[in-house]
Amino acid sequence: MVEAVKRALNRISVEQIKLELLGTAYNSSSTFLGRLDPRMLLIWYLFFAVTPWFVYNRTILLGMFVFMVVTTVLSRVSPYIVFILCLGLVSQIGWMFLLSLFFGGGAESLLPMLTLTLKLSVISLASITVFSSLDPERLSDGLSALGVPDAFAFSLSYGYRILPTLLEEFHQILLSFRLRGQRPLKHGFLYMRTAAYYLRILVLVFYPLMLNTAKRSRTTVEALETRGYTYAVNNPQVKKLRLSYLVMQRRDWLFAAFSAVYVGLLFPLGTVFPNLIY
Amino acid sequence: MDKVALELKNVSFTYPGAEVPVLQEVSFSLKKGDFVAVIGSNGSGKSTLCKCFNGLIPHYYTGDFEGEVMLLGESAEGKSVSELSRHIGYVYQDFENQLVRPTVMDDVCFTPLNYGLLDYRERGMRALELTGLHGMGREFIWQLSGGQKHLLALAGALAMDPDILVIDEPVAQLDPQHARQIYDILRRLNEQHGKTVVVIEHHAEFIAEYCRTVVLMDAGRLRWQKPVREALSSVDELLSLSIYPPDVTRAAWLLQPDRQTAAVYPLSSEEGQRCFTRRLSLSDIQETLAQPQIKDLHSTPSEVKPVVEMEHIRLSYRTIHKTLHPVLNGISLELFSGERVALIGNNGAGKSSLMKLIAGITAPTGGTVKVKGITVNGLPPERLAGIASYVFQNPEDMFIDDSVRGEIAYYLKARGLKDKDERVEAMLEAFRLQELAGRDARLLSGGQQRRVSLAIGAAVRPVVMLLDEPTANLDISTKQEMTRVLQALRGHVETVVIATHDMALVAEWASRIIVMSEGRILADGNKEEIFSDGQLLRRAGLAETQLMEMSRLLELPQICCSLEEFVARSEWRKEELVHGGSR
């Protein structure tokens, strides 16, 4: 067991995490959903993130869930993320079920929880679909077009740009800690000592990282000034030019129309058969 | 040609909270189409001067500002940084932090787009073309090499088609080949596209070759503005400010019998060739004296067990396209006690990778690495910490404590060593850090940071110490100091390995030189063997120092590594004085 974990850890390198992360973040324009207009996708998301909270009809929720599964498949989400999501949902239900058993509940307490799970799944899948279909650039532009302050939209895209640099620096500093540190000589019970050692330096790394970042951002802020950023923020014309590439096309309208019709049909169907599944 | 692009009239500036002004009554005029180098020691106000050009001072840095700045005949007063930046492109020394967009194309278009210029794409494309980055538009910033990032920062400035380009230390972070590439591009922009170029530069050899005018800053004052030859010939004045003119110029100055102040000296090796001649009588004696001494340094008895053994080392890593990229291709190497090894080669030759293998930071894909008989492959770095210590290229990556003393003590404390206090004190003394012991290392100057990083490495008392580019980003006088600091390592460490492309450092310091190229060892030998083969350095993408080139051109019996040696072996040819002012 320990050996297996060791081998798995050895295979994960910082470089690899970096590539995987950025690959997921920026490599979305190849999917159908990735080519849709970001503004439309964001509004679409807003609907599916909010409505499930107010719907208690399980048929409607199930219908939405099916739709979300289809879009998730369409957006070719990395299996890791789906796995993490499932893990989260199952463990959520698991501990709540245990808790209900503890207070004298039985198998019947599972059903209402299933409704909640359904809601959560719809919302989570919608988030995954949208955010894996929008690379940070298009997300930032979409938000900006929908009226979110430019400074926020820009920092979002800049955050992603700086991520690899931060990861690399994190790795370097972590290495410095390890190169000059002393691993516990004995692993301790259940590797507790070793685990504590690693967790401790993982936390400590953030301090130098933050200080270095603060130092670095001095140049960035100054450079933004010389590169006309302030001029752009105070000039609505510039925003128009920057976002001029966002155009609603046929496929955007089609997707929006299909979603509307689908949801529109779900509601009467749900009212007629409220107990389609259980 | 004689039109003035920019003029400063009696400009003084004091940073808020500072007592002493950083600029004092500076008057300066920048001619259109000029290629200017701003020189001066650290803290003399070079960067501050350049930040007045585009209004960063006084608009961004508010402080006490007096005087007037005229840009293209108009007063800059009341104009914002954004407005002024339309005409002035600024490339920072830490250029990486000025790239704010994820892809090359996005970044190069960023400035013109911000100004709402409709043709921002064409401007971006043109700028990429000018800097030789065309065809890379879709690449992500983090996939670029250091040299490419610098070119991109330059392209980002060029996209606005500015009249003036300001570049802060263009070559500090680049290897000689890329440095030359950047300067060639700057020259083309200057000569063919009529851009006015201002560089802040420490490297006198680049100034001599590319610039036309030199501005000397000293303690916030502009001391003078002179044509390049006249400027660099003021050898004693420059030396007194710890600025080092080209070696050839200094040699000429040393050999000139009646050091006239008005004389002009040769600046390049070609000019030097006409001015110097081989010293016949004296050199023969010195040669016989020098030879055996050098021999001694290199003799490594074969029965001694090597400190580092590498056998058929291979290393490759995975790229973003999921292919394997080979970095080291079958390297076998032995390093012995007492050696001062220089690993040289251009960027990407595999120098750092080789050192990381020895320090146990990376594990080889094939072959074995042994340090002091311990097989290193894949050992956790903690296990090897007392044997090999690795000093990063960027000292900031090594700073994990909040004071210099804490940094040095970290390792000793982690091991709970009894003599840790004495060892820390000894290190502070050896690297002259006593006065800085309580300061946060991140806030020190480049040279001081480098000393701290060396002290951290040496405090471990490792068998092998591995230094990655210890002289990168340092000005020349700090570099000279580094050579002395490296000598201080001797007592603490058995073997020192340095990866560098600084040939002057190699020439002065190394006892064994290993030339690498594309993951292989091209040559391995002592100074004489390596430097006498001019082709070899070029094949490895390296540049000779002026002294090496001169020694070869003058057919001296031996390649000279230090100025003193060269001066002892050559003579000033009286009849050939350099005439004419500008080149």
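Everything quoted here is computed from the prediction, not taken from an experiment.

What exactly am I supposed to notice about the overall build of chain A here?
When helices and strands are counted, chain A shows 13 helices and zero strands. Counting from the amino terminus, helix and strand elements in chain A follow one another as α-α-α-α-α-α-α-α-α-α-α-α-α. A compact globule built from 278 residues would reach a C-alpha radius of gyration of about 19 Å, whereas chain A, at 24 Å, exceeds it by more than 25%. Structurally, chain A occupies a C-alpha span of about 70 × 65 × 30 Å along its principal axes. Among the 278 residues that make up chain A, the fraction classed as buried is 43%. Within chain A, contacts between residues separated by at least 24 positions form 80% of all contacts whose residues are at least 6 apart in sequence.

Please explain the interface of chain A and chain B as it appears in this structure.
By a frequent convention, interface size equals the accessible area lost on bringing the separate parts together. Each side of the interface is counted separately: chain A has 49 residues, and chain B has 58 residues. Together chain A and chain B conceal approximately 5200 Å² of surface at their shared face, both sides included; 57% is due to carbon and sulfur atoms. At the junction of chain A with chain B, the criterion picks out six salt bridges. Residues A:Glu222 and B:Lys51 are paired through a salt bridge, measuring 3.2 Å at the closest nitrogen-oxygen approach.

Sorry if this is basic, but what is going on with the packing of aromatic side chains here?
What describes a pair of aromatic rings is the distance from one ring centre to the other and the angle between the planes of the rings. Taken as a whole and assessed by the stated rule, the structure comprises 31 aromatic pairs over all chains. Centre to centre, the rings of A:Phe67 and A:Tyr262 are 5.0 Å apart; their planes meet at 35 degrees, and the pair counts as tilted. One end of the pair, A:Phe67, is in helix H4 (residues 58-74); the other, A:Tyr262, is in helix H13 (residues 250-272), and 195 residues separate them in sequence. Given a relative accessible area of 6%, A:Phe67 falls into the buried group. For A:Tyr262, a relative accessible area of 25% gives the class partly exposed. Through a chain of ring-to-ring contacts, the aromatic side chains of A:Phe32, A:Trp44, A:Phe47, A:Phe48, A:Phe67, A:Phe255, A:Phe258 and A:Tyr262 assemble into a single cluster. One cation-aromatic arrangement involves B:Arg86 over A:Tyr231; the distance from NZ or CZ to the ring centre is 5.3 Å. Sitting above the plane of the B:Trp224 ring, B:Lys226 keeps its charged end 4.3 Å from the centroid.

Teacher, can you tell me more about the pairing of strand E7 (residues 164-168) of chain B here?
Look at any regular strand and the pattern is simple: side chains alternate between the two faces of the sheet. Residue and element names in this part refer to chain B. Counting buried residues in E7 gives five out of five residues, a clear majority hidden from the surface. The alternating pattern of E7 places Ile 164, Val 166 and Asp 168 and Leu 165 and Ile 167 on opposite faces, both of which are buried. Pairing of strand E6 (residues 88-91) with E7 involves four bridges; the strand directions are parallel. When the bridges of E7 are listed, Ile 88 appears paired with Ile 164. Here E7 pairs with strand E8 (residues 196-200) via five bridges, running parallel. Bridge assignment links Ile 167 to a residue of E8, and that residue is Val 199. With helix H7 (residues 176-192) bridging E7 and the parallel E8, this β-α-β connection has right-handed handedness.

Quick question: what am I supposed to make of the domain arrangement of chain A here?
All names here are of chain A. According to the domain assignment, chain A contains domain 1 (1-30 + 137-246) and domain 2 (31-134 + 248-278). If you average the C-alpha positions of domain 1 and of domain 2, the two centres end up 29 Å apart. On the side of domain 2, 18 residues touch domain 1, which itself brings 13 residues to the contact. Of the roughly 1300 Å² buried where domain 1 meets domain 2, counting both sides, 61% is carbon and sulfur surface. At the boundary of domain 1 with domain 2, the tally comes to zero salt bridges. At the surface where domain 1 touches domain 2, the tally comes to three residue pairs in polar contact (both at pLDDT 80 or more). Residue assignment for the side of domain 1 that touches domain 2 shows that the elements contributing at least two residues are helix H2 (14-26) and helix H7 (136-145). With five residues, the single largest contributor to the side of domain 1 that touches domain 2 is H7. Among the residues forming the side of domain 1 that touches domain 2, the class breakdown is six nonpolar, five polar and two charged.

Hey, could you run me through the UniProt feature "transmembrane region" (unreviewed entry) in chain A in this one?
Residues and elements named next belong to chain A. UniProt's entry tags residues 42-68, 80-103, 110-131, 188-210 and 253-277 with the feature "transmembrane region" (unreviewed entry), counted in the numbering of this structure. The span residues 80-103 is 96% helical and 0% strand by assignment, and the distance between its end C-alpha atoms comes to 35 Å. Split by type, residues 110-131 is 100% helix and 0% strand. Its first and last C-alpha atoms lie 31 Å apart.

I would appreciate a short explanation of the sheet that holds strand E1 (residues 4-14) of chain B in the present structure.
One key point about sheets: their strands pair by backbone hydrogen bonds, in either a parallel or an antiparallel sense. Residue and element names in this part refer to chain B. A sheet is described by the order of its strands in space; here four strands give the open sequence E2-E1-E4-E5, paired in antiparallel fashion. Two strands in the sheet have a free side with no partner beyond their single neighbour: strand E2 (23-31) and strand E5 (74-75). Two strands pair when backbone bridges link them, and strand E4 (residues 64-71) and E5 are joined in this way by two bridges, in the antiparallel orientation. Within E5, the position partnered with Met 70 by the bridge is Ser 75. Sheet contacts for helix H1 (residues 46-53): E1, E2 and E4; angle to E1, the most-contacted strand, approximately 120 degrees.

Mind showing me how you'd approach the nonpolar core here?
Buried together is how nonpolar side chains tend to be arranged in soluble globular proteins. Residues and elements named next belong to chain B. Counting 91 residues, the largest nonpolar core has Ile 408 and Phe 531 as its most contacted members. Per element, the largest residue contribution to this core is six residues, and it comes from helix H18 (residues 446-459). Those residues in contact with Ile 408, other than ones at most four positions away along the chain, are Val 424, Met 427, Leu 428, Leu 433, Ala 455, Ile 456 and Ala 459. Listed in part, the 61 residues of the second largest apolar core include Leu 152, Ala 179, Tyr 183 and Leu 241.

Explain the UniProt feature "domain: ABC transporter" (unreviewed entry) in chain B to me, please; I cannot follow it from the model alone.
Within this structure's numbering, the places UniProt gives as "domain: ABC transporter" (unreviewed entry) are residues 6-244 and 308-543 of chain B. Within residues 6-244 of chain B, the helical portion is 37% and the strand portion 25%, while the C-alpha atoms at the span's ends are 28 Å from each other.

I'm lost on the environment of B:Gln93 in this one. Help?
Residues and elements named next belong to chain B. Considering the arrangement of structural elements, one finds Gln 93 in the loop between E6 and helix H4 (104-114). Residue classification places Gln 93 among the partly exposed positions, given a relative accessible area of 26%. Residues Gln 93 and Lys 420, 327 residues apart in the sequence, show an inter-C-alpha distance of 38 Å. The contact partners of Gln 93, leaving out residues within four places of it in the chain, are Asp 168, Glu 169, Ala 172 and Gln 173.

Basis of the calculations
Residues numbered from 1 in each chain as written. Chains lettered and ligands numbered in written order. Predicted model: local features only at pLDDT ≥ 70, side-chain atom pairs only at ≥ 80, totals over all residues. Heavy atoms only, no water. Helix = DSSP H or I, 4+ residues; strand = E, 2+ residues; numbered from the N terminus. Rg over C-alpha atoms; globule rule 2.2 N^0.38 Å. Buried < 20%, exposed > 50% of the residue type's maximum accessible area, 1.4 Å probe, protein only. Contact = heavy atoms within 4.5 Å. Buried area = accessible area lost by both parts, 1.4 Å probe. Salt bridge = Lys/Arg side-chain N within 4 Å of Asp/Glu carboxyl O. Phe/Tyr/Trp six-rings, centres within 6.5 Å; stacked < 30°, edge-to-face > 60°. Lys NZ or Arg CZ within 6 Å of the ring centre and 35° of its normal. Pairing = 2+ DSSP bridges. Right-handed = clockwise from strand over helix to strand, strands pointing away. Domains from an automatic or database assignment. Polar contact = N/O pair within 3.5 Å; in protein donor to acceptor, adjacent residues only side chain to side chain. Nonpolar A, V, L, I, M, F, W, Y, C, P; charged D, E, K, R; others polar. UniProt positions renumbered as here; feature names shortened; annotations may be inferred. Axes fitted to C-alpha atoms, helices over the stretch in contact; angles between N-to-C directions. Core = buried A, V, L, I, M, F, W, Y, C linked by side-chain atoms within 4.5 Å.

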